[in-house]
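One letter stands for each residue in the lines below.
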Amino acid sequence: MTLCLVCDDHALVRAALCQMLRQILPGATLHEAADFAAACDRMVALRPDLCLTDLRMPGASPEAGVMALQQASPGTPILVVTGSEDDLLLHRLMALGIAGFLDKTSDLSLIAAAMQTLLAGGRHVPPRLLSIAGTAPPPPLPLPPASFSPRQAEVLDLVAQGHSNKDIARQLALAPSTVKPHLETAMRQLGAT
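None of these values were measured; they are calculated from a predicted model. (Residues numbered from 1 in each chain as written. Predicted model: local features only at pLDDT ≥ 70, side-chain atom pairs only at ≥ 80, totals over all residues. Heavy atoms only, no water.)

Turning our attention to the overall build of the chain. Looking only at helices and strands, the chain features nine helices and five strands. Counted from the first residue to the last, the chain has its helices and strands arranged as β-α-β-α-β-α-β-α-β-α-α-α-α-α. The proportion of buried residues among the 193 residues of the chain is 42%. At a minimum sequence separation of 6, the contacts of the chain that also span at least 24 residues come to 69%. Roughly 9600 Å² of accessible area belongs to the chain as shown, and the carbon and sulfur atoms make up 60% of that amount. (Helix = DSSP H or I, 4+ residues; strand = E, 2+ residues; numbered from the N terminus. Buried < 20%, exposed > 50% of the residue type's maximum accessible area, 1.4 Å probe, protein only. Contact = heavy atoms within 4.5 Å. Areas by Shrake-Rupley, 256 points an atom, 1.4 Å probe, with all protein chains shown as cover.)

Take the packing of helix α3 (residues 62–72) against helix α4 (residues 87–95) next. Where α3 meets α4, the closest approach of the two axes is 11 Å, and the angle between their N-to-C directions is 20 degrees. Of the possible angle classes, the one that applies to α3 and α4 is roughly parallel. Handedness of the α3/α4 crossing: right-handed. Counting all contacts with α3, which are made through P62, E63 and V66, the residues of α4 involved are L89, R92 and L93. (Axes fitted to C-alpha atoms, helices over the stretch in contact; angles between N-to-C directions. Parallel < 35°, antiparallel > 145°, perpendicular 65-115°, else oblique. Left-handed = near helix turned anticlockwise from the far one by under 90°.)

So, on to the sheet that holds strand β4 (residues 78–82). Strand order in the open sheet formed by five strands is β2-β1-β3-β4-β5, and the pairing between neighbours is parallel. Strands at the two margins of the open sheet, each flanked by one partner only, are β2 (29–33) and β5 (100–103). Across the sheet, the mean angle from the axis of one strand to that of its neighbour is 20 degrees, orientation sign disregarded. Both strand β1 (residues 3–7) and strand β3 (residues 50–53) contribute to a ladder of four bridges, which runs parallel. (Pairing = 2+ DSSP bridges.)

Attention now moves to the environment of K104. With respect to the helices and strands, the residue K104 is situated in the loop between β5 and α5 (108–119). A C-alpha to C-alpha distance of 9.2 Å links K104 and D54, two positions 50 residues apart in sequence. Those residues within four positions of K104 in sequence are excluded, and the remaining contacts are D8, V13, D54, V81, T82 and G83. One polar contact links K104 to D54, side chain to side chain, over a distance of 3.4 Å. (Polar contact = N/O pair within 3.5 Å; in protein donor to acceptor, adjacent residues only side chain to side chain.)

Before going further, it helps to spend a moment on the side chain of H163. Along the polypeptide, H163 turns up in the loop between α7 (150–160) and α8 (165–171). A polar contact is formed between the side chain of H163 and the side chain of Q171, at a distance of 3.4 Å. In contact with H163, other than residues within four places in its own chain, are R56, L158, I168 and Q171.

Counting through the fold element by element, A153 comes out in helix α7. Judged by its relative accessible area of 37%, A153 is partly exposed. For A153 and H182, which are 29 residues apart along the polypeptide, the C-alpha to C-alpha distance reads 8.9 Å.

Unusually for a residue other than glycine, R47 sits at a positive phi of about 50 degrees. Mapped onto the fold, R47 is located in the loop between α2 (36–46) and β3. Residue R47 is classed as partly exposed on the basis of its relative accessible area, which comes to 46%. Non-glycine residue A173 carries a positive phi angle of around 55 degrees. Relative to the assigned elements, A173 resides in the loop between α8 and α9 (176–190).

The sheet contact formed by β1 and β2 spans five bridges and is parallel. Directly across from C4, in β2, lies its bridge partner L30.

See below:
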């Protein structure tokens, strides 16, 4: 019997993914998580055979959240199911060893094939990412020495991705009025305006 963890902050998307999994993997045991913290806890407790996850969930930046899932259950293949077209982010995740990527608009046959590939120990990479797979991602910009709290680092990461304070608040499950002080403190440490 296959054990799967489905992670997405939207209940409707989780339900749709679970329904799809029931069709593709009859008899699979399914568990769900709505944020990165719960997903990591379930990864540690369950050690699932497969994890399907969105990139943008409360609790962490996409990169930090997916890395935490990997660390929580190192042997579990992770299939990122996303609407993101941020090829640079997806490339960085490929370099970290994520087992596969699917666009949320993928048809059922492609999703089924990708999951079977991952369960068999393979990797699924969409054609658009194959064109950049052989090139190294640009190195991150060096930051001046500063001591950021984990929350300040998350806020800065999301700002660097172009998100608004309101969007950051939603993604990190914070009040919008809480994002601004984190950002101001981090910017002051960086000497930025």
